[in-house]
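Now for the letters of each chain:
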Amino acid sequence: MKTIWLCTTLLALWAAPVLTQTMQELIDGKNTENVLTHSMGYDRKSYSPLKQINKSNIKRLVPIWNASMMNDQGELAQPTVYNGVMYAINGKWTFAIDVETGRQIWRTPTEIESGITRAAFNRGGATIYNGKVFRVTIDNHVLAIDMKTGKQLWNQKFADSKDGFYATGGPIVADGVLISGVAGGESTTRGFLDGWDPDTGKKLWRTYTIPAPGEPGSETWPKNNDAWKYGGGPTWRSGSYDPELDLVYWGTGNAEPYDPRPREGLDSLFTNSVLALRPKTGEVVCYYQYTPNDVYDVDATDEQLLADIRVAGQLRKVMIQANKNGFLYVLDRTNCKLIAAHPIVKVNWATHIDLATGRPVLTDVYKRFAAGEEVEIWPSRGTNAVPIAFNPNTGSIYASTWNIPRLQKIAAPKPQVLGAQSTGIDARQPEMKPGDVFGHFAAINPLTGEKKWEVPLTDLPSSAGMLVTGGGLVFTGRLTGEFIALDEDTGKTLWQFKTGSSVNSTAITYTHRGRQYVTVASGLGGILATRYAAAKVPTGGSIWTFALMQE
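Residues numbered from 1 in each chain as written. Predicted model: local features only at pLDDT ≥ 70, side-chain atom pairs only at ≥ 80, totals over all residues. Heavy atoms only, no water.

1. Some thoughts on the overall build of the chain
- Scanning the chain for helices and strands turns up four helices and 38 strands.
- Here the C-alpha atoms of the chain give a radius of gyration of 22 Å, agreeing with the 24 Å that 2.2 N^0.38 yields for 551 residues.
- With respect to the principal axes defined by its C-alpha atoms, the chain has extents near 80 × 55 × 50 Å.
- A total of 551 residues make up the chain; the buried ones form 61% of that total.
- Taking the contacts inside the chain whose residues are at least 6 apart along the sequence as the reference set, 60% of them involve residues at least 24 apart.
- Of the roughly 21,000 Å² of accessible surface on the chain, 53% is carried by carbon and sulfur atoms.
- Positive and negative side-chain charges in the chain, numbering 55 and 53 respectively, have mean positions lying 2 Å apart. (Helix = DSSP H or I, 4+ residues; strand = E, 2+ residues; numbered from the N terminus. Rg over C-alpha atoms; globule rule 2.2 N^0.38 Å. Buried < 20%, exposed > 50% of the residue type's maximum accessible area, 1.4 Å probe, protein only. Contact = heavy atoms within 4.5 Å. Areas by Shrake-Rupley, 256 points an atom, 1.4 Å probe, with all protein chains shown as cover. Lys, Arg positive; Asp, Glu negative; His and termini not counted. Charge placed at Lys NZ, Arg CZ, Asp CG, Glu CD.)

2. What to know about unusual backbone geometry
- For the peptide bond that leads from E256 to P257, omega is -5°, which places it in the cis range.
- With a phi angle near 50°, M70 is a residue other than glycine that sits in the positive phi range.
- Structurally, M70 is set in the loop between β2 (61–68) and β3 (80–82).
- For A385, which is not glycine, the phi dihedral falls at a positive 60°.
- Mapped onto the secondary structure, A385 falls in the loop between β25 (375–377) and β26 (389–391).

3. Re the environment of G102
- Residue position: G102 is located in the loop between β5 (93–98) and β6 (104–109).
- Residues G102 and I64 lie 38 residues apart in sequence; the distance between their C-alpha atoms is 8.5 Å.
- Excluding residues that lie within four positions of it along the chain, G102 makes contacts with W65, A67 and I97.

4. Brief notes about the sheet that holds strand β22 (residues 337–343)
- Here four strands make up an open sheet; going across it, the order is β19-β20-β21-β22 and the pairing antiparallel. Two strands bound the open sheet, and with one partner strand each, they are β19 (305–311) and β22. On average, each strand axis in the sheet is inclined to that of its neighbour by 30°, with strand direction left out of account.
- Alignment of strand β20 (residues 314–322) against strand β21 (residues 327–332), held across five bridges, turns out to be antiparallel. Pairing of M319 across the sheet is with L331, part of β21. (Pairing = 2+ DSSP bridges. Axes fitted to C-alpha atoms, helices over the stretch in contact; angles between N-to-C directions.)

5. Quick look at the nonpolar core
- Formed by 50 residues in total, the largest nonpolar core has its most connected members in Y288, Y296 and Y329.
- If you look at the next biggest cluster of nonpolar residues, it comprises 45 residues, including A77, Y87, F192 and W205. (Core = buried A, V, L, I, M, F, W, Y, C linked by side-chain atoms within 4.5 Å.)

6. Thoughts on the pattern of salt bridges
- Overall, the coordinates contain 28 salt bridges when judged by the stated rule.
- Residues K92 and D72 are paired through a salt bridge, measuring 3.6 Å at the closest nitrogen-oxygen approach. Taken together, the residues K92 in the loop between β4 (85–89) and β5 and D72 in the loop between β2 and β3 connect sequence positions 20 residues apart.
- Residues D436 and K433 are paired through a salt bridge, measuring 3.9 Å at the closest nitrogen-oxygen approach. (Salt bridge = Lys/Arg side-chain N within 4 Å of Asp/Glu carboxyl O.)

7. Considerations on the packing of aromatic side chains
- In the structure shown here, the tally under the stated rule is 26 aromatic pairs.
- Taken together through their ring pairs, the aromatic side chains of Y288, Y290, Y296, F327, Y329 and W349 make up a single cluster.
- Here R107 stacks its cationic end above the ring of W93, 5.0 Å away from the centre of that ring.
- Just above the ring of W378 sits the side chain of K346; from NZ or CZ to the centre is 4.2 Å. (Phe/Tyr/Trp six-rings, centres within 6.5 Å; stacked < 30°, edge-to-face > 60°. Lys NZ or Arg CZ within 6 Å of the ring centre and 35° of its normal.)

8. With respect to the state of the cysteines
- Counted under the stated rule, the structure contains one disulfide.
- A disulfide bridge connects C286 with C336, and the sulfur atoms are separated by 2.1 Å. Looking down the S-S bond of the C286 and C336 bridge, the torsion is 60°, so its handedness is right-handed. Here C286 is found in strand β18 (residues 284–289), whereas its partner C336 is found in the loop between β21 and β22, with 50 residues between them in sequence. Comparing C286 with C336, the two get one shared label, buried. (Disulfide = S-S within 2.5 Å.)

9. Examining the side chain of S422
- Relative to the helices and strands, S422 resides in the loop between β28 (406–410) and β29 (425–428).
- Overall, S422 belongs to the buried group, its relative accessible area being 6%.
- The contact partners of S422, leaving out residues within four places of it in the chain, are E186, T188, E256, P257, K414 and Q416.

10. Concerning the sheet that holds strand β32 (residues 467–469)
- Spatially, β1-β32-β33-β34-β35 is the arrangement adopted by the five strands of the open sheet, whose pairing is mixed. In the strand order of this sheet, the two ends are held by β1 (47–48) and β35 (493–498), each with one partner.
- Pairing of β32 with strand β33 (residues 473–477) involves two bridges; the strand directions are antiparallel. Note on β33: the bridge partner recorded for V468 is V474.

11. Considerations on the environment of V455
- Within the secondary structure, V455 is located in strand β31 (residues 451–458).
- Overall, V455 belongs to the buried group, its relative accessible area being 18%.
- Expressed as a C-alpha distance, the spacing of V455 and G439, which sit 16 residues apart in the sequence, is 8.4 Å.
- Not counting residues up to four positions away in its chain, the partners in contact with V455 are G439, H440, F441 and G491.

12. Describing the pairing of strand β14 (residues 203–208)
- Examined bridge by bridge, strand β13 (residues 192–196) and β14 share five bridges and lie antiparallel to one another. Each residue of the ladder has a partner; that of G195, found in β14, is W205.

13. A closer look at the pairing of β33
- With respect to burial, β33 is a largely interior element, five of its five residues being buried.
- Of the two faces of β33, the one holding L473, F475 and G477 and the one holding V474 and T476 are both buried throughout.
- Hairpin connection, β32 to β33: the antiparallel pair is bridged by three residues, and G472 has positive phi, about 75°.
- Pairing geometry for β33 and strand β34 (residues 482–487), over five bridges, is antiparallel. Bridge pairing in β34 places T476 opposite I484.
- Between β33 and β34, which pair antiparallel in sequence order, lie four residues; one of them, G481, sits at a positive phi of approximately 110°.

So, in structure tokens, the structure goes:
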């Protein structure tokens, strides 16, 4: 009997690393055979030191397999990889795929509540921890799936679609807590983050992004109405995590409505902000508001990229964000204080960011808009909800920027109703002509805003994220379906491959049996990518994996 127990125990100990991912594994991220978190690490740098694939041999990069994702609503999520298995999600399915062959190991359908008509897509990626794949669904469920079998282990509903909420962003695991966000900032909702026990699905905490009366920050909302109940502040992208400081950094979205009058033109905390939270409790330690009293729909939900860089000769722990409002920000992540902010696209709503106050210095656009005039706002967005990348060896940020304005004016007033769309404005896109520049791929110094290079994107913008590698390459994609590799030093396109649909996701790179692989999802989806490219590009989701052709 003792012999049987000992053999069973030894077998369990041997098998444990294959089936589970500890917090330490997620933090270290040193095993190049695995991609365990969004953007290649908790710091969200979208950087890999791998250089087997490099500028000298990139022309030998070829597809080695392609796997259908059985979906036509968009592939915006990056896969994750653990011990030779890739985990990929979209609005309809969760997949486990053999990394070497592309063969499906299992697939699990996403069960959506009846009556949900919103297109189902997912940003971020498949989240893995302790033998489970975690994800959200469009109808506001967070669930856990067994990594080995694809069986659903638990499922928790956290909001009602009838109240205007939906969910698209990948959760993260920090200090043993699963943290998820919510979308719906255009639907008269109040944003929040939830903390969950990843083993049981028990809710541990909820932190609202808009304070109730009497709570810190409530003084930035009107005292005599319930605007705070409908104030926006969604959390529809994924966070980053600094395990040394034990802080999670999560961006919040627009204030609701864009018409400032129901909010009395106040700052409307904590919309358009970054929150630094304790993962065990959801306690907010510090914050920075990128756009007080937002009337431009310039969400601050994009990821906070964490880096240690020299500022005036001193090594600082910073977080960097390419904000939708058109500025690239550098903040001290220990206290959320502003260090630098520079425009990376055309900006006309503010002249600059005051480093002393941390606030934007407004132009007359705001006054003209508040007075009822139709105004042209630059940019309509600085980026389109896709990750930037940072190479710690060069100090450069790599971003996909947008060069498109929006025209808007205040709409006729109507009552605010929970769950009803009430932006308070009428908006339209200006006519764009063939040959117009819609955006750029760019390499940027985060402290000065200086652009090392900039590649114009004509006729269509890009909705792909950036991945930079030790091989001197920046991988990204185009709405027309090309997956491309740029020279990190010049921005020159060194290689491209035409996938079957748009590249709206972010690539990953890893090794398998000593060979470097690059994987990206292809599939037109997301509101803006579909708006611009639907007539030119077919839908259809797939995963493409590439490696160097053997000599």
